[in-house]
Amino acid sequence: MSAEFGGRTGLQGKLTQWLRAGDGGREDLLLAAAEAGLPLAPAAHPVGYRCSCDRVGCPTPARHPVSFAWQTQSTTDRAQIERWARHQPQANFITATGMVHDVLDVPLDAGRDALERLLGAGVEVGPVAESDDGRMLFFTLTRGTPEDEDEWWPCELDCHPETMDEHPGLRWHCRGSYVLVPPARLPGEDQTVHWLRGPEHPLPDPLSLLEVLTEACARYAGEEPDHSGAGWPLRH
């Protein structure tokens, strides 16, 4: 791992300890993500195979914010995140995309292949999270709002017939979306969202990863069982 984190040095050892700490390092991992600039807000958590929310048949159990105001509520403020983490010890957290960062969300097998190729080619890869429900999340800088709105790719990228063949399985979480931030628990036994590469890695330009991710998704489309990530929110 890099010895650089948020512009400061000397935190590599701490982050390594947090990554190995499991639930005991939850608050530290959340604060590390916030210090890296990822805005956070509390989310639901699993209760067995169900969601902690009151909604009967919740379609995204343990994967959604607890407040409808999550976009304005999301923050990197250390004191607020500490309060949330301590008052809601079972809560997952989401990070709102399209503010500071985007997330390229791909099927797990394609993501592993792409990550190996990117690192082998010396490409600067930022934070990467793995979800035990079959997805890999590549955290990047946000594209914001381009001057040409036609250049902005919405989160439901792989849900339109005209884009599915070109970008199978790829979801670009940007403005108006969110993803779970590690450490997070999913419904079921020992199902988590966890860092493969922590938030001490600088966020890259998404376009530097896009070609390799797209090619990997195309190769795995139709070859492996469906890892479409049904239940991951696309737009909110």
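Residues numbered from 1 in each chain as written. Predicted model: local features only at pLDDT ≥ 70, side-chain atom pairs only at ≥ 80, totals over all residues. Heavy atoms only, no water.

Q: Quick one: what's the story with the pairing of strand β8 (residues 128–131), residue by residue and with numbers?
A: The alternating pattern of β8 places V128 and E130 on one face and A129 and S131 on the opposite face, and all of these are buried. Bridging between β8 and strand β9 (residues 135–141) involves 4 bridges; their strand directions are antiparallel. Paired with V128 across the two strands is F138, which belongs to β9. Where β8 folds back onto β9 in an antiparallel hairpin, the turn is made up of 3 residues, including G134, whose phi is positive at roughly 100 degrees. (Buried < 20%, exposed > 50% of the residue type's maximum accessible area, 1.4 Å probe, protein only. Helix = DSSP H or I, 4+ residues; strand = E, 2+ residues; numbered from the N terminus. Pairing = 2+ DSSP bridges.)

Q: So what's going on with the confidence of the model for the protein? Residues and values would help.
A: Mean pLDDT over the protein stands at 81; residues scoring 70 or higher make up 73%. Note that pLDDT drops below 50 for residues 152–166; the model gives that stretch 34 contacts with residues more than four away or on any other chain. Scored below 50 in pLDDT, residues 224–236 makes 41 contacts in the model with residues more than four places away or belonging to other chains. (pLDDT = per-residue confidence, 0-100. Contact = heavy atoms within 4.5 Å.)

Q: Account for the side chain of E130, naming residues and giving values.
A: Along the chain, E130 falls in strand β8. Look at E130 and you get buried, because its relative accessible area is 10%. Here R112 takes part through its side chain, which lies 3.3 Å from a polar atom of the side chain of E130. Apart from the residues within four sequence positions on either side, E130 is in contact with L108, R112, R135, M136, T192, V193, H194 and L196. (Polar contact = N/O pair within 3.5 Å; in protein donor to acceptor, adjacent residues only side chain to side chain.)

Q: Quick one: what's the story with the pairing of strand β6 (residues 92–96), residue by residue and with numbers?
A: Counted residue by residue, β6 has 5 buried out of 5 residues, so it is predominantly covered. Judged by which residues are buried, β6 turns out to be covered on both faces: N92, I94 and A96 on one side and F93 and T95 on the other are all buried. Sheet topology note: the strand β3 (residues 40–43)/β6 ladder contains 4 bridges and is antiparallel. From the neighbouring strand, A41 faces β6, where its bridge partner is I94. Where β6 lies against strand β11 (residues 178–181), 4 bridges are found, and the strand directions are antiparallel. Looking at β11, one finds that F93 is bridged to V181.

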